[in-house]
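# Observations on the three-dimensional arrangement
Listed below, chain by chain, are the residues.
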Amino acid sequence: MEYLVGAALALVVCLSAGAAGFDRDRSFYPVILIVIASYYLLFAAMAESQHAFLVELVVFSAFLAVAMLGSRRWPLLVALGLIGHGLYDIAHVSLVENHGVPAWWGKFCLSFDFVAGLYLAVLFALRRRRQQGQDAAA
């Protein structure tokens, strides 16, 4: 159920953002990546674990850097960052002892991240192809 809800929610967010025009702003998906990565900090704070918070802060900083670089130079990096965060969700239990993370979170977040990352990669590919077509016509 966690996988289904995460995937469905990612589709709703991505399709709604497209319909509303939010995704035309190059900061939209990087902000999504930053927010997603910040949840593990929240869970560590809820567990009152300084060690987990510090470990999660290091990981968060890496995803923050990916989001910032992707927003400025390589938009596809943001899609890869979302997919990478999904991989982190898979490995999280083995890497970090963070008792604030709900048992269902990894599966939910994995499916959200993968679907959002794949959606974004396809969106960028379509936009790039459309731009190349316009450039060729000009």
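A short tour of the structure in this document, coming up. (Residues numbered from 1 in each chain as written. Predicted model: local features only at pLDDT ≥ 70, side-chain atom pairs only at ≥ 80, totals over all residues. Heavy atoms only, no water.)

Our focus in this paragraph is the overall build of the chain. The number of helices and strands found in the chain is five helices and zero strands. When the helices and strands of the chain are placed in sequence order, the string is α-α-α-α-α. Projected onto its principal axes, the C-alpha coordinates of the chain cover approximately 60 × 30 × 25 Å. Burial statistics for the chain: of 138 residues in total, 36% are counted as buried. Here the contacts in the chain between residues at least 6 apart in sequence split such that 74% fall between residues at least 24 apart. Of the side chains in the chain, 9 bear a positive and 9 a negative charge, and the two mean positions are spaced by 17 Å. (Helix = DSSP H or I, 4+ residues; strand = E, 2+ residues; numbered from the N terminus. Buried < 20%, exposed > 50% of the residue type's maximum accessible area, 1.4 Å probe, protein only. Contact = heavy atoms within 4.5 Å. Lys, Arg positive; Asp, Glu negative; His and termini not counted. Charge placed at Lys NZ, Arg CZ, Asp CG, Glu CD.)

Moving on, we get to the environment of Lys-107. As for its placement among the helices and strands, Lys-107 is situated in helix H5 (residues 105-137). For Lys-107, a relative accessible area of 37% translates into the label partly exposed. Each C-alpha atom, one on Lys-107 and one on Phe-28, is 24 Å from the other, the two residues being 79 residues apart in sequence. Here Lys-107 is in contact with Glu-2 and Tyr-3, once residues within four sequence places are set aside.

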